Each structure stands twice: as C-alpha cells, then as structure tokens.
Amino acid sequence: WLGALRFDNLALRSLPVEPSEDSAPRAVPGACFCRVRPTPLRNPRLVAMSLPALALLGLEAAEVEEREEAEAALYFSGNRLLPGSEPAAHCYCGHQFGSFAGQLGDGAAMYLGEVLGPRGGRWEMQLKGAGLTPFSRQADGRKVLRSSIREFLCSEAMFHLGIPTTRAGTCVTSDSEVVRDIFYDGNPKKEKCTVVLRIASTFLRFGSFEIFKPTDEYTGRKGPSVNRNDIRIQMLDYVIGTFYPEIQEAYSDNNIQRNAAFFKEITKRTARLVAEWQCVGFCHGVLNTDNMSIVGLTIDYGPFGFMDRYDPEHICNGSDNTGRYAYNKQPEICKWNLGKLAEALVPELPLEISELILEEEYDAEFEKHYLQKMRKKLGLIRLELEEDSKLVSELLETMHLTGGDFTNIFYLLSSFSVDFDPSRLEDFLEKLASQCASMEELKVAFKPQMDPRQLSMMLMLAQSNPQLFALIGTKANINKELERIEQFTKLQQLTAADLLSRNKRHWTEWLEKYKVRLQKEIEGISDVDTWNTDRVKVMNSNNPKYILRNYIAQNAIEAAENGDFSEVRNVLKLLENPFQETESSTEVKGDTEEEEATAAAAACAQATRSRLPYCSKPPLWASELCVT
C-alpha cells in the first residue's frame, strides 16, 4: 500500500545538512538539518488514521483492511523506513514566552521526506515522537498517547473547520513506555510511546530564521549559525521559490523587493490565520516564534483548547502563569512574533522596510478578515455596515456577562427570526439561557484560588515593598484574584431564578439590536424567504456544531489508554463534518462479541460520566481538566 509513495526530498537538496547521524544532544552550527534515525518501538499498533489526510500523499482506500493497518503501524511508527525516505531533524531557534531560548530544533520530530501527491502537491511527511535527535536536549524524543491523540484529532478538526493547518495522517501507539510527570507536581507515571504522522507543505517556522541571531542581550543565548548570512540567503531562496513562486517570479531581479513581498504575504496570512482562530474560539497555548509556520499554518498542537464558556482572558495552557498566550492576546502576540521574524531577516530585508509593512498591513488585515468572518457567523450577507463591529462586540460582551457557550450560542443564532412572536421569542430565549453558565459552573469558575492569608500578605507587600512584590507576584494575578472574590461573593447572594432572569434580560437587549440589523438586510428585498434560506445556509457553514472540546478529547484518551480506540475513531469521523448533524453516525457499531470485548475499557473511561451528545456544553467535571 505504501510502496506507491513517490519521494523527492527537495528541502535536503536545497539547504545545508549535517551528515553525522549521531543523535547525542549538541549544537548544530552551519546546517538547517541533520541526519537521524527513528528509534524502534515495541509492538506498534494503529490507534486511528485519517483517510482524507493520507489521500494528499496518494494513499487512497475506500475501506482500510487489517493489512493496511499493520503496514501503517510498521512504517509510521518509525520501525521501518520507506524506500526514498531520508530521516532528518530540523534546526531552529525561538523566543519562548518572550525570551530568546537559543537552539531548540526538532527534539521529538523527524522529517521523513517529501512525497509528490497525485494532484501536483508536494507534501513533507514528519514523525512526531520517533526518538532522540541532536535537539532532544535532556528529553527522550518521545510523545505519549494522550498528547498524540490530542494533536492527531485537532489537526484534522482544524482542517475540516476550514482553518489553515498541518495535517495528521496516522496515530500509532506501542508497548514501549516512558515516564511523565503530567502536571509537574512530583507524581510521575508510565505512559505508552506514541507517534503521529504529520503532513504539511513544510514545517519551517519563524524560528528557522533565528539560527543566525547573535547573543541576546537579555538571556545571553545565541543561534548556532551566527554570521552565516550565506545560509540565510539560501533559506530565503528556498522558501520563496518553493512556497511563494508567484513572488519569486514577480521580483526575480530584485531581492529586497522580493523579500519585502514575502514578508508582506506572511504578515497577511498570519493575520488571517489568527482571525480564524478567534472566530472559532481556538487558543493555541504556546505561541512562541518556533511554533509559527513560515507559510501561515496552525502548527504544533500542544496545550491548545477550544474555549467553552466565553471568557476573553481564557488561558488554555495550565503552565502559562502570566496569561501571555490568553485568547484575547493571540492577535497581538502573533504580531510580536512577526516582529521577531523581521529582525531575523536582516540584512536581507532592512528592518525599516519590514517594520513599516508590519504596521501598515497586520492590524488592517486582521480586522478586515475577522469582521468578514463574524458577518458570516451572524448571517449579515448583503450589507457591510460600519455598525457591525459594535454589534459583534456587544454580542461577545453579552456572552461574557451570561457565561454563554461560545460555539453553541453562535450555532443557535441561525434559528432566530426577525418576525418571532412573543411566545416563540420566549422559547428562543430559553434555548439561549440553557447555553449560559449555571450557578454551579460560575461558582467553579470564580472560586478564589489563593489562601486568604497569602493574598493579604501579597497586598501588604505591594504597598510596603513594590520592588520585591514585582519579583514574586504580578499585579494582574492579584487583581484577577480580587475580581474572583468579588464575583464569588455576589454569586452567594444570587438564586438560580435571579440568574436566569438576568441572563434573559441581557439576551433580550442584544437580540433587539440584532433584529434591527437584520431588518436592514431585508429592506427592499422582494423575496425574504430566499434571503433567509441563504442567510441560514451561510451561518450553518460558518458556525460549527462540533468542535474538539477538552472533555471529548479526554473521554477518547481514557478509553484509548484502556485499549479501546473506537472513541478516537468516532470523534475523528464526527470532526470531519463539524457543520453537519452527524452525531447518529458516530454511535459505536459492532456485534455482541466486539461490544463485550471493549465494554470493560469503555466502562472504565466512562465510569462516573454519563454520555453527553458531542455538541453539549461541557459537564462540570471538565472544568477540572488541566492541560500543560
């Protein structure tokens, strides 16, 4: 099955490669790649495969047989190499949480080679979790089942949502084990080594160009290839010629203009990408410069999360203590990262040119794309009015005030009509209210997190010794804790009936504004029914019913850790049709024997959790999930 793959490893022919296959951790100067070998796993077996992703490589199959599954497990675990494959690890640097970290590189990922697809595409194949490379530092080059399932499912979920992303072809686990301390709290446990086959046009990133960075004035670290401008030129020639051929063609006789056009294009792609994230409530979690794609894809799925209850300051990464990568910070962080890319392109693109491009293009492109997308989500399909931006802001503010579920509120809005009578409006308000946070959810969300004595001490310290306070605590964290205490105290005096009444009042006020705006859409239209059909169609193709919520991923992970991969495969199928009513097709089908075989595993994963529809807002236990 895999013998049909046609390799043509252009990146290794175009960029400098260190020939040694020694996987010992070390600096790799003067090279973009170094040769490596995957480390075999014990008893690899397939968890799931994405046929739409594998079809990019020319691997077509109506039904996957046992033979194909075994072949995928053998080759996509790294246990055996495909003819034409040349495993290599990529060298890059990065700014992590705002500080330059020096050499990073593919510490757990391996380039396998580039495959020529049947429709003319060129696709880089990469194994994530295949063992040690020179960039593994103190780690073991492995990934585990839980993180691999999350990356596998989210890569495909994002693609089917229409968001530019790397893809995932297979997820293969094994009997090999590594020890992981999941929450960094001194409670390590053994977990199964797992490998994901990732697919993209390229996995080069902003940090790929930071290998030339001289000693950083704050961290004292530097890139491994300082003063190698010849390699920077090679990389620009390769990236622009391969992935931006129209720019290469238009500016073949002027490199500065060519590089400026490239920087302008990656600026606009990045702005559009983060606008797409904001519109589905996606939080990346680790937006370091080494996790930003040079072709504008979502890349490196770690502690990501889709936002459930709308909170502009939502932090999906449990180890992001300062909230640097919070939901509402993503647009400005991506712009900051582009600034670091601009610095890394000097002298081939002077900073005065790139900084001007960034200021002129990024915010304008983000706002334009964000508002265009939001208009579609609200069914504003005829007119583009200046007031639309305010309507969107007021919707989000209403969601915030009522603890509305971001995905489900948007999905519900397509069933709102400008000519609702009072009883139908009341029914609609009930539906909206059911997607708002309950009293129990709000108490969990606003539960104070600091010991009162600790908070009191910090407040006294802030007054008496501001310099020491600045070293050990942030003002933002203290303010957030004070806000939590205030909200929690108010909740104690509120009844469920009061909460429902308040939420309905907020939604009634916003729906009145929405109704006025929709009425402007239909002014002068003779066929309102056709307009409404078109409006609903546009809304239903821009507001997903299904997203990869953390609790859905967690249920699939727990079942898989107990040997039952059916839930991973069910969720994958569901996420391939995020805008459609497909839930019935995801019920586990099988004869009695198969059901009995997986019953114990499923019971273990679901012991205390009743099965919710996949489109439900999360159960209360989901608020305790922490992804680091």
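Per an unreviewed UniProt entry, the protein chain goes by Selenoprotein O and derives from Asarcornis scutulata. Comment text from UniProt for the protein chain, heading Sequence similarities (unreviewed entry), reads "Belongs to the SELO family." Of the protein chain, the UniProt comment under Cofactor (unreviewed entry) reads exactly: "Mg(2+)".

Caption draft 1: How the structure looks around the packing of aromatic side chains. Evaluation of the coordinates by the stated rule reveals 20 aromatic pairs. Their ring planes at 20 degrees and their centres at 4.9 Å tell us that Trp510 and Tyr514 sit as a pair that is stacked. Of the two residues, Trp510 and Tyr514 both sit in helix α17 (residues 496-522), four residues apart, roughly one turn of that helix. Pair check on accessibility: Trp510 and Tyr514 agree, each one buried. Ring pairing ties together the aromatic residues Phe416, Phe420, Phe428, Trp507, Trp510 and Tyr514, which thus form one cluster. Directly above the aromatic system of Phe159 lies the positively charged group of Arg167, at a separation of 3.6 Å from the ring centroid. Here the guanidinium or amino end of Lys213 rests over the ring plane of Phe100, the centre of that ring lying 5.4 Å away.

Caption draft 2: Representation of the packing of helix α19 (residues 550-561) against helix α20 (residues 566-575). Relative to each other, α19 and α20 sit at 150 degrees, their axes nearing to 7 Å. With respect to α20, the axis of α19 lies roughly antiparallel. Of the residues in α20, those touching α19 at Ile552, Asn555, Ala556, Ala559 and Ala560 are Glu567, Val568 and Val571. In terms of residue class, the contact of α19 with α20 is built from six nonpolar, one polar and one charged.

Caption draft 3: The arrangement of the pairing of strand β8 (residues 122-128) in detail. Burial runs high along β8: five of the seven residues are buried. Pairing of strand β7 (residues 109-116) with β8, which is carried by seven bridges, proceeds in the antiparallel orientation. Note that in β8 the partner of Ala109 across the bridge is Lys128. Taking the residues between adjacent antiparallel strands as the criterion, β7 and β8 are bridged by five residues, where Gly120 takes a positive phi near 90 degrees. With five bridges connecting them, β8 and strand β11 (residues 189-200) associate as antiparallel partners. Paired with Leu127 across the strands is Leu197, a residue of β11.

Conventions adopted
- Residues numbered from 1 in each chain as written.
- Predicted model: local features only at pLDDT ≥ 70, side-chain atom pairs only at ≥ 80, totals over all residues.
- Heavy atoms only, no water.
- UniProt positions renumbered as here; feature names shortened; annotations may be inferred.
- Phe/Tyr/Trp six-rings, centres within 6.5 Å; stacked < 30°, edge-to-face > 60°.
- Helix = DSSP H or I, 4+ residues; strand = E, 2+ residues; numbered from the N terminus.
- Buried < 20%, exposed > 50% of the residue type's maximum accessible area, 1.4 Å probe, protein only.
- Lys NZ or Arg CZ within 6 Å of the ring centre and 35° of its normal.
- Axes fitted to C-alpha atoms, helices over the stretch in contact; angles between N-to-C directions.
- Parallel < 35°, antiparallel > 145°, perpendicular 65-115°, else oblique.
- Contact = heavy atoms within 4.5 Å.
- Nonpolar A, V, L, I, M, F, W, Y, C, P; charged D, E, K, R; others polar.
- Pairing = 2+ DSSP bridges.

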